[in-house]
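# Observations on chain architecture
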Amino acid sequence: MSDGTGVAKDPKVIDGKAFAEGLRAKLARQVATLKEKHGFVPGLAVVLVGEDPASKVYVRNKGEQTKASGMASFEHKLDAATSQADLLALIDTLNKDPKVNGILCQLPVPKQIDPQAIIDAIDPDKDVDGFHVVNAGRLATGGKGLVPCTPYGCLLLLKDRLGDLAGKHAVVIGRSNIVGKPMAQLLLNESCTVTIAHSKTKDLPGEVRRADIVVAAVGRPEMVKGDWIKEGAVVIDVGINRIEKDGKGKLVGDVDYASCYPKASAITPVPGGVGPMTIALLLNNTLIAACRQHKVALPE
Ligand SMILES: Nc1nc2c(c(=O)[nH]1)N[C@@H](CN(C=O)c1ccc(C(=O)N[C@@H](CCC(=O)O)C(=O)O)cc1)CN2
Ligand SMILES: [Mg+2]
C-alpha cells in the first residue's frame, strides 16, 4: 500500500487520519445535496470558555473542518471568568436558534462551571457530543439518539478492520461517561462480550490478555504493555498524553505502542489514529441532527 509519496504504508497500522478524511469528503457531498435539494446547510455552534491551549486548537480545527464540509460554523469564545449563569444563558439562546442544529461546549471548562450542568442544558436533539443523559439513555436502550463521537469513531475503525464484531471479547479500559461507558455500550450493541476494566480491576493484565479487542481510554501514558496483549488482538488507543521524553515534549497514547505493536494484528497510532475521527464524527452528528430537525432524509 502506498500513500502516493512512494512510502509503503504499514497495513497493521490503522490510519484514522485517512479514514476521517474519507468520512469528511462524503459529508461534504451530503451537505451539498442538502443545500441543493432542501435549501439549508447544517449549523454547528462551538462554545469555548477560557484559554486552554489544546482546547483552542481543537476548537479552531472544528471550525475549519465544519466550514470545509460546507456547514455553517458559529464560534463563541468566552472569557475564562465567565459565570455558569452566563454560559447557561448562551446555551439557551443557541437551543432556540433554528440555524444552529448542533451545540457543544468544549471540555474541560474552568472550575467555576459544572460541566454536567452545561451538558444537561443543551437540547438533547442538538447535543452533537452525545453526552446528554437522554442520549446516553437512548444508546443504552436502542433509541434514535446522538452517539458520542470518539467511541463511535473507534467502532467504525474496528468494523472496518474486523467486519462483524459479534462474539468478540472486548475489554474497554476506562469507565468515563464520554468514552469508556458509551464505547462498552456500542460494543455490546454489536454483540461483543464486553468487560469494562478500571482502576479497581484486580488483574488488569489478565483481563486484557483475554481480549480480541482492546480499547484503552484511561489517560495514563503508555500504561498498556505488550505482554498484556493476546496475539492477534486489535488495539485501539484513545489516549492523548503530552509527556517529556529525552528532554523533548511528545504525544503518546495509553498504549505502549512499541511493545504492543508486535502482538497486535492491528493498532491505532497516536497521533493519527482515533483523534482525527472525533471531529469527523462530530460533523456527522451535526448532519444527522440537522436532517432530523428539518424532517428530511439523510442524503446518500
Ligand atoms: N466537548 C468536547 N470536549 C472534548 C472532546 C469532545 O469530543 N467534546 N474531546 C477531547 C478533545 N477533542 C475534541 O474536542 C479532540 C482531541 C484530539 C483530537 C485529535 O485529532 N488529536 C490528534 C492529536 C492532536 C494533538 O496534537 O493534540 C491525534 O490524535 O492524531 C481531536 C479532537 C476533549 N474535549
Ligand atoms: Mg505477531
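You'll find the chain entered in an unreviewed UniProt entry as Bifunctional protein FolD, with Dongia sedimenti given as the organism. The UniProt entry for the chain carries the following text under Sequence similarities (unreviewed entry): "Belongs to the tetrahydrofolate dehydrogenase/cyclohydrolase family."

With that settled, the discussion passes to the overall build of the chain. Helix and strand content of the chain: ten helices and ten strands. In summary, the chain has a C-alpha radius of gyration of 19 Å against a globular reference of 19 Å for 300 residues, a match within 12%. Principal-axis analysis of the C-alpha atoms gives the chain an extent of 50 × 45 × 45 Å. Looking at the chain as a whole, 42% of its 300 residues qualify as buried. Of the contacts formed within the chain by residues at least 6 apart in sequence, a portion of 67% connects residues at least 24 apart.

This part is about the sheet that holds strand β5 (residues 193-197). Taken in spatial order, the five strands make up an open sheet running β5-β4-β6-β7-β10, and their pairing is parallel. One side of each edge strand has no neighbouring strand; the edge strands of this open sheet are β5 and β10 (266-267). Bridge analysis of strand β4 (residues 169-173) against strand β6 (residues 213-216) gives four bridges, and the strand direction is parallel. Opposite V171, over in β6, you have V214 as the bridge partner. On the sheet, helix α6 (residues 149-162) packs against β6, β7 (234-237) and β10 and is oriented at approximately 160° with respect to β7. Sheet strands touched by helix α7 (residues 180-189): β4, β5 and β6. Its angle to β5, the strand with the most contacts, is close to 170°.

The three strands lie next to each other as β2-β1-β3, forming an open sheet whose pairing is parallel. On the outer flanks of this sheet lie β2 (72-78) and β3 (102-105), each paired with one strand and no other. Each adjacent strand pair in this sheet contributes to an overall mean axis angle of 15°, direction not counted. Where strand β1 (residues 43-49) meets β3, four bridges bridge the pair, whose relative direction is parallel. When the sheet's bridge partners are listed, V46 is paired in β3 with L104. Each of β1 and β2 is contacted by helix α2 (residues 53-68), which is oriented at about 165° to β1, the strand it contacts most. The strands touched by helix α3 (residues 84-96) are β1, β2 and β3; relative to β1, the strand with the most contacts, the crossing angle is about 175°.

Looking now at unusual backbone geometry. Look at the link from L107 to P108: it is a cis peptide, with omega at 5°. Looking at where P108 falls in the secondary structure, it is placed in the loop between β3 and α4 (115-121). Cis geometry is found at the peptide bond from V270 to P271, where omega equals 0°. Its location among the elements puts P271 in the loop between β10 and α10 (275-294). Even without a glycine there, the phi angle at D246 is positive, about 50°.

The subject of this paragraph is the site of ligand 1. In the vicinity of ligand 1, 18 residues are found, and the nearest of them are Y58, L107, P271, G275 and T278. Elements supplying a minimum of two residues to the shell around ligand 1: α2, β3, α6 and α10. With four residues, α10 is the single largest residue contributor to the shell around ligand 1. Taken together, the residues of the shell around ligand 1 break down into twelve nonpolar, five polar and one charged. Split by domain, the shell around ligand 1 shows at least three residues from each of two domains, domain 1 (38-134) and domain 2 (149-276).

For strand β9 (residues 248-252), the buried fraction is low: zero of the five residues fall into the buried class. The hairpin turn running from strand β8 (residues 241-245) into β9, its antiparallel successor, is two residues long, and D246 in that turn takes a positive phi close to 50°.

The sites that carry the UniProt feature "domain: Tetrahydrofolate dehydrogenase/cyclohydrolase catalytic" (unreviewed entry) are, in the present numbering, residues 14-129. Taken end to end, residues 14-129 comprises 51% helix and 16% strand; its first and last C-alpha atoms sit 24 Å apart.

Bringing the UniProt feature "binding site: NADP(+)" (unreviewed entry) in the chain into the picture now. UniProt's entry tags G174, R175, S176 and I240 with the feature "binding site: NADP(+)" (unreviewed entry), counted in the numbering of this structure. Turning to its location among the elements, S176 is positioned in the loop between β4 and α7. Residues in contact with S176, not counting those within four places in the same chain, are K181 and A217. With respect to the helices and strands, I240 occurs in the loop between β7 and β8. On the basis of neighbour count, I240 is assigned to the partly exposed category, with 18 C-beta atoms found within 10 Å.

A few words now on the confidence of the model for the chain. With 98% of its residues at a pLDDT of 70 or more, the chain has an overall mean of 97. Both scores are given for the predicted complex: the pTM is 0.97, the ipTM 0.96.

Conventions adopted
Every chain is numbered independently, its residues counted from 1 as its sequence is written. Here every chain gets a letter starting at A, and every ligand a number starting at 1, in the order they are written. Note on the predicted model: pLDDT of at least 70 is required for a residue's local features to be given, and 80 or more for side-chain atom pairs to be given and counted; whole-chain, interface and lining totals, by contrast, use all residues. UniProt positions are given in the numbering used here, feature names are shortened, and annotations may be inferred rather than shown by experiment. The helix and strand labels rest on DSSP assignments: H or I over at least four residues marks a helix, E over at least two residues marks a strand, and numbering proceeds from the N terminus. Within these notes, the globule rule equals 2.2 Å times the number of residues to the 0.38 power, and the radius of gyration is based on C-alpha atoms. With C-beta atoms placed from the backbone, a residue is labelled by how many other C-beta atoms lie within 10 Å of its own: buried for 20 or more, exposed for 12 or fewer, partly exposed between the two. We call two residues in contact when their backbone-placed C-beta atoms lie within 7 Å. In this analysis, strands are considered paired if DSSP registers two or more bridges between them. Between the N-to-C directions of two axes lies an angle of 0 to 180 degrees, each axis being a line fitted to C-alpha atoms and, for a helix, fitted only over the stretch in contact. For each residue, a C-beta atom is positioned from the backbone; the residue is called near a molecule or strand if that atom sits within 6 Å of it. Only Asp, Glu, Lys and Arg are considered charged, only Ala, Val, Leu, Ile, Met, Phe, Trp, Tyr, Cys and Pro nonpolar, and every remaining residue, Gly among them, polar. Segment limits for the domains were obtained from an automatic or database-derived domain assignment. What pLDDT reports is the predictor's confidence in each residue, on a scale of 0 through 100.

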